[in-house]
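# Report on the structure
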Amino acid sequence: DNAQVLMNFKTFLSNADALSNWGNQSIGVCSWTGVLCFNQSFHGLRLEHMGLGGTVDVDTLHLLSNLNSFSVINNNFEGPMPEFKKLVNLRALFLSNNKFSGEIPDDAFDGMKRLKRVFLAENEFTGHIPTSLAQLPKLFDVDIHGNSFEGNIPEFQQSDFRVFNLSYNKLEGRIPESLSSKDPTSFAGNQGLCGDPLGPCIGSPTTPSDTDQPPNSHPEKENKKKRIILTVVVVVGVIVLASIIALLIIRYRRKKPVLVKDAQPQNVTPFSSESKSIVVTAESKKSEDGGLNFVGNQREGIDLQDLLRASAEVLGSGSFGSTYKAMLLNGPVVVVKRFKNMNDVGKKEFFDHMNRLGKLSHPNLLPLVAFYYGKEEKLLVHDFAENGSLASHLHGRSGVELNWATRLKIIKGVARGLAYLYTEFPNQALPHGHLKSSNVVLDSSFEARLAEYGLVAVVEKSHAQQFMVAYKSPEASQSEKPSEKSDVWCLGILILELLTGKFPASYLRHGKGASEDLAAWVNSIVSEGWNGEMLDKEIPGRGSGEGEMVKLLRIGMGCCEWSLESRWSWKEAVAKIEELKESDDGGDGGSERDHLYSVSTSLDDFSLSQSIS
Ligand SMILES: Nc1ncnc2c1ncn2[C@@H]1O[C@H](COP(=O)(O)OP(=O)(O)OP(=O)(O)O)[C@@H](O)[C@H]1O
């Protein structure tokens, strides 16, 4: 059993004082330090910042049932990287900030088909980036910065990453074409690299041949010097920036509540919901801007001062600003979201709109609890959803793999929430406007709740165009006005994401090209074939419901029809989603899939013609 295996694993560790409660049967394995469980079943180890050393004994780890995530960030492990490839079910591996060293064998990640997140940063690894790492089919986050990896960057099988950081190594040669649109900072501090997104290769002293030959390497000292200069520039920059921010805060303090947050970059640490604490402070209720306004059902027990004094965590930063989870001493946990780009509307208009949103009430909508109106900044207060966002579950950040029944329940919830919005806002062009997997949050029973709905009317137009997802639909990117059907497009993307486990990376990229990316993403899914092959193989319970999953896939495609005429209406999409069942009913002679195809041939679908053939 896992308890015994973990105890054995511990015997290979040195300096394991932090794990003193391991072995205590009365509290159960799930309460042991660093053990990750979901619904009382084990799924990972998170042994971070514990001063651990000794051996990570993979042969013992191999005996753990259900080890999805393994982290030993910031400890004192040294020597070669353990042979993790024995752990074929691993989805996330975090080894950053240790002293692991030496070359990683080229086949070190072979067969790890489920591995999505690899963090090897700030160790002492040398040699080439292993080809098997680049070939991981599900790789989604890769951070190997701050090592001494050398040679050319291999071709990565994936090109859509959430985290991609190869900086501060000794890599050289031309950056592969597939990585040319990455942020240049992903490659910083590698003297020998060239090509997009860094400078051109031609004529440079480090012109790469397409061989593995190192170019004329710069002397080590020179590199060090440059790094020091860069660090000094960055540090001075940060100090100047911090001073400006401090001045601004002092200036604004008398006017409105101030959220003082730790300047930690987001999305670089695993398990980001446990970001550093922040303190929410406020000058007083007497703010000129009028303090918090409660809408809908007044929450008894929530007092402005309590809320503003509550300690809070950063949940993340989105396209509008940061989002915090605030824990009141004697009250519920709430989420506070800052919006900076809502300055086109007047105060009255804003109040009216918020009061309208506050009146909405549906089990699949995240209710608006309160709002704050400041001239430059607005705050919206919502209930906290215990199970985080759908995005975090679909893309491996939670370590929990949602089964088909739960995915179905979630998409039905999304459909019902949308239907409610359309019914309540019949005159609005975009009743939701920003539907995406990080804006679908899940409550304690995994019921979906839509977040960030109905905001198009109060968001600055240019900001909406650049950042809100509905504006990335094909019609909106061709300068037509987005409409209800743009929301349907987003519903389609969400369905495809839910079923394939693929991440529409262009949500993260903004501005020109983002919508084209999203459309290309849909195409790439279609081109994989219309035979259920593109369904996420890891969905537990997939077998009994595969026919139904293909039906949902078909609905997703209907919602992602290119032209507005052939794209489904929200009513059609919602009705079809409501018809879905948990398991296939066996059909009436022909297979479920045959039946599906015959239903769908009536639709003029660019994708379908390929897919049926
Ligand atoms: N009420 C909530 N309960 C739990 N988690 C939440 C809640 N609201 C937001 N989150 C989570 O907090 C994180 C940050 O949210 P935020 O809205 O700032 O970013 P985003 O959704 O990624 O981007 P955008 O601003 O474009 O919507 C996301 O992972 C989101 O799912």
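Residues numbered from 1 in each chain as written. Predicted model: local features only at pLDDT ≥ 70, side-chain atom pairs only at ≥ 80, totals over all residues.

The name an unreviewed UniProt entry assigns to the protein chain is Protein kinase domain-containing protein, from the organism Vigna mungo. On record in UniProt, under Subcellular location (unreviewed entry), the comment for the protein chain is "Membrane". (UniProt positions renumbered as here; feature names shortened; annotations may be inferred.)

This part covers the overall build of the protein chain. When its secondary structure is counted, the protein chain shows 16 helices and 25 strands. Counting every position in the protein chain, which comprises 613 residues, the buried fraction comes to 42%. Long-range contacts, defined as pairs at least 24 residues apart, comprise 57% of the intrachain contacts of the protein chain with a sequence gap of at least 6. (Helix = DSSP H or I, 4+ residues; strand = E, 2+ residues; numbered from the N terminus. Buried ≥ 20, exposed ≤ 12 C-beta atoms within 10 Å, placed from the backbone. Contact = placed C-beta atoms within 7 Å.)

In the neighbourhood of the ligand, 21 residues make up the surrounding shell, with Leu 315, Gly 316, Gly 318, Thr 323 and Ser 389 lying closest. With three residues, the single largest contributor to the shell around the ligand is strand E19 (residues 311-317). Its residues assigned to classes, the shell around the ligand comprises eight nonpolar, eleven polar and two charged. (Near = placed C-beta within 6 Å. Nonpolar A, V, L, I, M, F, W, Y, C, P; charged D, E, K, R; others polar.)

On to the sheet that holds strand E8 (residues 99-103), then. Read across the sheet, six strands follow the order E6-E8-E10-E12-E14-E15 without closing on themselves; strand pairing throughout is parallel. Each edge of the open sheet is held by one strand with a lone partner, namely strand E6 (78-79) and strand E15 (192-194). Two strands pair when backbone bridges link them, and E6 and E8 are joined in this way by two bridges, in the parallel orientation. Looking at the pairing, Glu 78 lines up with Lys 99 of E8. (Pairing = 2+ DSSP bridges.)

Asp 196 connects to Pro 197 through a cis peptide bond whose omega is 5 degrees. Among the structural elements, Pro 197 can be located in the loop between E15 and helix H4 (220-253). Although it is not a glycine, Tyr 168 sits at a positive phi angle of roughly 50 degrees. Relative to the helices and strands, Tyr 168 resides in the loop between strand E13 (163-165) and strand E14 (170-174). Judged by the 21 C-beta atoms lying within 10 Å of it, Tyr 168 is buried. For Phe 446, which is not a glycine, the phi torsion comes out positive at approximately 60 degrees. Within the secondary structure, Phe 446 sits in the loop between strand E24 (440-442) and strand E25 (448-450).

Next up on the list: the packing of helix H8 (residues 404-424) against helix H11 (residues 484-500). Close contact between H8 and H11 brings their axes to 11 Å; oriented N to C, the two are set at 175 degrees. Regarding the angle of H8 to H11, the classification is roughly antiparallel. Between H8 and H11, the residues in contact are Arg 407, Ile 411, Val 414, Leu 418 and Tyr 422 and Glu 484, Asp 487, Leu 491, Leu 494, Ile 495 and Leu 498, respectively. Tallied by class, residues from the contact of H8 with H11 come to eight nonpolar, no polar and three charged. (Axes fitted to C-alpha atoms, helices over the stretch in contact; angles between N-to-C directions. Parallel < 35°, antiparallel > 145°, perpendicular 65-115°, else oblique.)

This part takes up the sheet that holds strand E11 (residues 141-143). Judged by pairing direction, the sheet is mixed, and its seven strands sit side by side in the order E2-E3-E5-E7-E9-E11-E13 without closing on themselves. The sheet is open, and its two edges are formed by strand E2 (35-38) and E13, each paired on a single side. Between one strand axis and the next, the sheet turns through 15 degrees on average, direction left out of account. Two elements, strand E5 (residues 69-71) and strand E7 (residues 92-94), share three bridges in a ladder whose sense is parallel. Its bridge partner lying in E7, Phe 70 is registered against Leu 93.

Membership of the largest hydrophobic core comes to 85 residues, with the highest contact counts inside it found for Phe 371, Ile 411, Val 414, Leu 491, Ile 495, Cys 559 and Ala 573. Grouped together as the second largest cluster of nonpolar side chains are 54 residues, Phe 70, Leu 93, Leu 115 and Phe 164 included. (Core = buried A, V, L, I, M, F, W, Y, C linked by C-beta atoms within 7 Å.)

Further remarks concern H11. If you check H11, its first and last C-alpha atoms are 25 Å apart, about what 17 residues at 1.5 Å a residue would give, namely 24 Å. Most of H11 is tucked away, with 17 of its 17 residues classed as buried. Just past H11, the residue Gly 501 takes up positive phi, approximately 75 degrees. (Expected span 1.5 Å × (residues − 1).)

The sites that UniProt annotates as "binding site: ATP" (unreviewed entry) are Lys 337. Counting through the fold element by element, Lys 337 comes out in strand E21 (residues 333-339). We classify Lys 337 as partly exposed; it has 19 C-beta atoms within 10 Å. Ignoring sequence-local partners within four residues, the contact set of Lys 337 consists of Thr 323, Leu 379 and Leu 380.

With that settled, the discussion passes to the environment of Glu 83. Mapped onto the fold, Glu 83 is located in the loop between E6 and E7. With 13 C-beta atoms counted inside 10 Å, the residue Glu 83 sits in the partly exposed group.

So, on to the environment of Ile 144. Among the secondary structure elements, Ile 144 is positioned in the loop between E11 and strand E12 (148-151). Each C-alpha atom, one on Ile 144 and one on Leu 95, is 9.6 Å from the other, the two residues being 49 residues apart in sequence. In this structure, Ile 144 is in contact with Leu 120, Ala 121, Ile 129, Phe 149 and Leu 166, ignoring residues within four places of it in sequence.

Of all six residues in strand E22 (residues 368-373), five are buried, a share of seventy percent or more. Pairing of strand E18 (residues 292-294) with E22 involves three bridges; the strand directions are antiparallel. Looking across to E22, one finds that Asn 293 is bridged to Phe 371. Sheet analysis places E22 next to strand E23 (residues 378-383), joined by five bridges and oriented antiparallel. Residue pairing for E23: Tyr 372 is matched across the bridge by Leu 379.

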